[in-house]
Each structure stands twice: as C-alpha cells, then as structure tokens.
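What follows is the residue order along each chain.
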Amino acid sequence: MKIRVLILVLVVFGGVARGEDVLKGLREGHPRLMVLEGDVERVKGLIQTDATAKLYFDRIREMGEKVMGEPVSERVIVGPRLLTISRQVLGRVSTLAGLYRLTGERKYAERCRDEMLAAARFKDWNPSHFLDVAEMTNAMGIGYDWIYDVLTPGERKEIREAIVEKGLKEGLKIYAKQNWWVTNTNNWNQVCNGGLAVGALAVADEEPGVAREVIEDGRKSLPVSLGEYAPDGGWEEGPTYWWYATRYLTFYFSAMQTALGTDGGLAEMPGVKETGMFRMESVGTTGKTFNYADASEEPEGAAQMFWMARAFGRPEYAANERALIARVGVSHVDPFHLFWFDPEGSEKDLEKLPMGVLFKRINVAFLRTGWGKGDAFVGVKGGDNGISHAHLDLGTFVYDEGGVRWGMDLGPDDYNLPGYFGKQRWNYYRLRTEGHNVLTLDEGNQELKAKADITGFSAGGRRVVVDLSQAYAKVATRVKRGVALRGDGGMVVEDEVEADEPVEVVWNMQTGAKITVGEDGREAVLELGGKKMGVRVIEPAGARLGVEDADEPTAVKSTVPAGKKSRKITEKLVVKLEGKVKELRLVVEMTPGGGKGGEEKVAPLNQWMEGQ
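What you see is a predicted model; the values in this text were computed from it and never measured.

## Here's the deal with the overall build of the chain
Moving on, step 1. Per the secondary structure count, the chain includes 15 helices and 18 strands.
Moving on, step 2. Taking 612 residues into account, the globule formula puts the C-alpha radius of gyration at 25 Å, and the chain, at 25 Å, falls close to it.
Moving on, step 3. Here the C-alpha coordinates of the chain stretch approximately 80 × 50 × 45 Å along the principal axes.
Moving on, step 4. Residues counted as buried form 59% of the 612 residues belonging to the chain.
Moving on, step 5. The long-range share in the chain, meaning contacts at least 24 apart out of those at least 6 apart in sequence, stands at 71%.
Moving on, step 6. Of the roughly 23,000 Å² of accessible surface on the chain, 49% is carried by carbon and sulfur atoms.
Moving on, step 7. Seen as two clouds, the 80 positive and the 90 negative side-chain charges of the chain have centres 2 Å apart.

## Describing the sheet that holds strand 11 (residues 491-503)
Across a sheet, strands are paired by hydrogen bonds formed along the backbone, either parallel or antiparallel in direction.
Moving on, step 1. Pairing within the open sheet is antiparallel, and its 9 strands lie in the order 4-8-9-10-11-18-15-14-13. Looking along the sheet, the strands with just one partner apiece sit at the ends: strand 4 (383-384) and strand 13 (514-517).

## Observations regarding the packing of aromatic side chains
Moving on, step 1. By the definition in use, this model includes 30 aromatic pairs.
Moving on, step 2. Here the aromatic rings of Tyr244 and Tyr248 are separated by 6.0 Å at their centres, their planes lie at 85 degrees, and the arrangement is edge-to-face. Here the residue Tyr244 and the residue Tyr248 both occupy positions in helix 10 (residues 239-260), the gap between them amounting to 4 residues, near one helical turn.
Moving on, step 3. Using a relative accessible area of 0% as the deciding quantity, one classes Tyr248 as buried.
Moving on, step 4. Note on Phe251 and Trp340: the rings are 6.2 Å apart at their centroids and 50 degrees apart in plane angle, and the pair reads as tilted. Within this pair, whereas Phe251 is found in helix 10, its partner Trp340 is found in the loop between helix 14 (335-339) and helix 15 (347-351), the two being separated by 89 residues in sequence.
Moving on, step 5. In textbook terms, an aromatic cluster arises when at least three aromatic residues are bridged by ring pairs, as seen for Trp146, Tyr241, Trp243, Tyr244, Tyr248, Phe251, Phe336, Phe339 and Trp340.

## Describing the packing of helix 8 (residues 187-202) against helix 9 (residues 208-226)
Moving on, step 1. Their axes nearest at 9 Å, the elements helix 8 and helix 9 cross at an angle of 155 degrees. Here helix 8 is positioned roughly antiparallel relative to helix 9, judged by the angle of their axes. Every pair of crossing elements has a handedness; the one defined by helix 8 and helix 9 is left-handed. Listed contacts from helix 9 to Asn189, Gln190, Asn193, Leu196, Ala197, Ala200 and Leu201 of helix 8 are Ala211, Val214, Ile215, Gly218, Ser221, Leu222, Val224 and Ser225.

## Describing the side chain of Asn187
Moving on, step 1. Within the fold, Asn187 resides in helix 8.
Moving on, step 2. The residues touching Asn187, leaving out its near neighbours within four places in the chain, are Trp235, Glu237, Tyr241, Tyr244, Ala245 and His389.

Calculation notes
- Residues numbered from 1 in each chain as written.
- Predicted model: local features only at pLDDT ≥ 70, side-chain atom pairs only at ≥ 80, totals over all residues.
- Heavy atoms only, no water.
- Helix = DSSP H or I, 4+ residues; strand = E, 2+ residues; numbered from the N terminus.
- Rg over C-alpha atoms; globule rule 2.2 N^0.38 Å.
- Buried < 20%, exposed > 50% of the residue type's maximum accessible area, 1.4 Å probe, protein only.
- Contact = heavy atoms within 4.5 Å.
- Areas by Shrake-Rupley, 256 points an atom, 1.4 Å probe, with all protein chains shown as cover.
- Lys, Arg positive; Asp, Glu negative; His and termini not counted.
- Charge placed at Lys NZ, Arg CZ, Asp CG, Glu CD.
- Pairing = 2+ DSSP bridges.
- Phe/Tyr/Trp six-rings, centres within 6.5 Å; stacked < 30°, edge-to-face > 60°.
- Axes fitted to C-alpha atoms, helices over the stretch in contact; angles between N-to-C directions.
- Parallel < 35°, antiparallel > 145°, perpendicular 65-115°, else oblique.
- Left-handed = near helix turned anticlockwise from the far one by under 90°.

Structure representation (structure tokens):
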C-alpha cells in the first residue's frame, strides 16, 4: 500500500508541479538527447587513456564500417512483427550517428541519414505490434537529434513527420484508450513509454503539442511498471526481459534528464537504483544466466549498467559489466557502452557482495560460493506461473560448478510457432513442466495460475526452501522443495510430497552433459567439458536414476510439433520410483569431481533454517 501511495505522489508531483508545462525546461538546439557535447569530450578522452574504452571504440567503428557497405533496411514483417527491422535500424543509427559525433566524419552521418529516410518512407511501423513502433521511434529520435546539423531542412521535415505520424500519434491513440501496454506492468510499458519519449523529445521544439502530450501521458503510465522493481530491484520476467525493460527505462531517464533536466522523480522509485543487482546476481559463474521466463542463456551486453553506475553511485555495476564483456566478448558492446562508459569499480567491489541473495517480491534466489569462473552457482525460482513470459517451472533451478553448467534451462522456443503466446503454449516441451528441473506429478503440468513463495532463505547457509503446493494442488496437498549449495560446490535438492491419493512422482533435470548411470541406479556420473559431477539418490530406497531425451515431448504426447529449435541437444536426468506414493521425501545430492559425496545428513525441510 505504501508503494502505491508513493507512486501516486510521484505521478502528481514528480519533478513538475501540477499544471506546469512539462516542456518548460527543454534544452535548446541539438543534440540534447542522452549524450551531450560534454559527454562526447569525456569519451574522447577515455578512448585515449583507457584500454577498455579504446577496445569498445574499435569495435563500434568496425560495426560502423560494416554497415557502410550494406543496403538500407527494408520493411520486412516476420510473423506479426517488424521488430527485427526496428532493432536493426536502432543499431545502425546509434552506431553511425555515434561515430559521427566521436570522429566528425560525415560519411557516417550521411549513411545514417540514408537509413533514416528509408525507414521514414515505410508505409507504417507496424502499430499492431507496438514494440515495433516504439523501437523505431526511439531509433529515429536518436538519429534526428544526433545528426541534425547534417540533415537538410527537407530531410528534417520528412524524418520529423515520420516520427510524429508513424510513431507519436500512434502512441497517443493507445494512451487515449488507457489499455494495452499503458496499464501493463511488464516490459512493454518501459519499452513503449521510453521509445515514444525519446522521439517526442527529439522534435519537441518543432512539434510541442504532440510532444507535450506524449511526455505527460508517459509520466502517468511508467509508474505502473516501475512499481514492479520494488522493493529490491528483482524482475519477474527473467534476465532477458530485465535487459529489455531497463534498457528502455534508461533511455527514458537519460533523455529526460539531458533534454528537460528532470525525469520527474521516477528514478527515485523503490528498487530502481538496486535493480542492477538483479542483473549481476542472475548471471552464473559460467557466464550464463538463470534463463527462466523465455530468457536467453547468453547474457546481452547491458550498457545501462554503466549509466546506472554513474547515476546511482554504484561502481560495482560498472565493474561487473566490464568483467562480463571481457568474458562474453566485445561483440556484445553497443555504442552506449562507450557513451556511458564508467571506468570505476574493481574486483574488490564484487568480492564484497553477498554469497546469497533473495529477491523477495519475485521469489527468486541466487546462491554462490564465489564470483570466479570455477566457483559454484545455483539459481532457484519460485514466483508466479501467471506472469508475462512464464513457463510452468515453479521450483526449477540451474547449477554451475567448475566452469560447467550441469543443470540447465532450455530457454524459449520459436516465438512464431503456432499459438506460442496462446492456447497451444503448454504443448511445447520447453515451456511445459517436464521441460524444467522440477517434479512432475502424474505426468501433468503445474497449475497455470499457481504461485510459489520462498518460505525459507539463508544467505550464509546457502539454503532455499520453496512452497510448491499451489503448483500441484490438483494431485497433492503439500509439496515443498529445498535447495542447498555446499561449501565444496556440491548441491542437495530435497523434495517433500504429501497427497490424499497415490501419485506418480518424477524428478527431472535437463543437462547438456553425458550421463552414465551406475548398475544399481542409485548413482550416476555427468561428464561435460572435461569435468565430472557425481549424482546420488539418498532417499528413498526405492528410487532409481534414469536418462531420457530432453527437448521433445516425453511424459505427455503433444499434438503440436515440439518446435523449431535444435532437438536432442540435451539429455534429461530423471529419478523415478517403484510405484505411486502418498508421502515422499526425495533427496538428490550432486558432488563435484564425480565422487559419491559424503554421508549427507537428511533433515525435514521445516528444520532447514534452524541455526542458520
């Protein structure tokens, strides 16, 4: 309730008095969006003195030179989306216009102009899928502002009219209805509001009426989604959509602050300053994310981490982003990595961070033995099966140890598959319960609207307990899962199930490793990347390990193809029982090096937090 009250206060009084013109402080002339001339001079200096900044600059110039030899973008719809083209235009425009500002070479501005004129001449920017419009408006706003001095009056008019007619006015239609992304709490809210705001601020001096209306409407809409960051910065749509949402949120904050001198106080909302921690914690020691909720396993470069590091005084954000780019490669750099570059922070800042973190509202926890490549990492998810991009995966985990991801999430399937976001969604293996590292009960899916709270968490003890009872409510009365990460990098998963009638229970873990099950079925060895991981079933006595193909329908036969992603790239380690049960405690231990582990002391989950 306090958060909602704060939101209301911010909407009404956030940086602009009621009735005051939101464009009152508009900076005259161009450029005025995100990167002012002083910022350009700062970056030029860093390129001369900082090896990492120079590396980023060389990569961006390489990208720009490649675009110079390519034809301009065309309006190509894939499925229901123009989104690939909108993102292509954004990447090209920001790269070319950025290089022009850094080098003064007109060839980059002229190629940027050609790209923008081509996009301006599209019949529309596909308003039926409004993300396409928002990203294109953002791209055109950046380009209009950054190469304004190179454009002729006629070219400015053509591009400006496209921004207004194909971008801003399409947005005003949605604002007027107060539906769709305007009132949504997911990533669409930040992306659409952010992209439209950038376009509006780019043309605000020449088109003040429409720009003013867009800025006012956006300031009312954004707090709806910003409340989702409270209290600690977690994002329930997972790492990929955290990246997408916060990228556009940062575009919004940065453009508003440089163009108007204020973001209306929205950056002060609870959890916004802390959300960089979610990015840091959600990437495992292998450099792969805990990729739940249609998220990619490979992390995107996040230039917003640099912006937040400088804006919020969080040097650890900058240190983490530099370290991540060093690991995944400079190909993940975009121009904003350079314009917002922050050389502050070091490994010492990362070493001070906790070994366990719980993001309370979204019910996702991360445990680790350290931040090095060889350290162990576990991500554990409770949460809500009803949220945007959710899979039926309450209780799932990923597990890194020794530089290898042993327990993996298969990630999303092809968005253009039939009914992927509709009635056929739960026919696809990667989205179904069986396609995750969870229990399946009676071969069925978890409940579609179930929620799972993390009811026990110990950072020091590296332990998590999740109540999964809602997820299996049709067949069981009580289901809980505990996950513990040991100091030696091993882990223990303990599940408790109670049911009124006997139920079939299967334990699942997707893995890219080769699985060799011992003769008695109680032990197995996983092998991947020259490393080994031992697996042992501690309880119950009648449980046996087995191997099944992953990424294909197994427990439930689908009437729809499994999807267009590569099939059979993984196997699934399963634990099955001799028969159905009404009461069960299932304990699985994993030990680095392929060993059998120690004599694990098994305790009921209600005792896990005692003494922690």
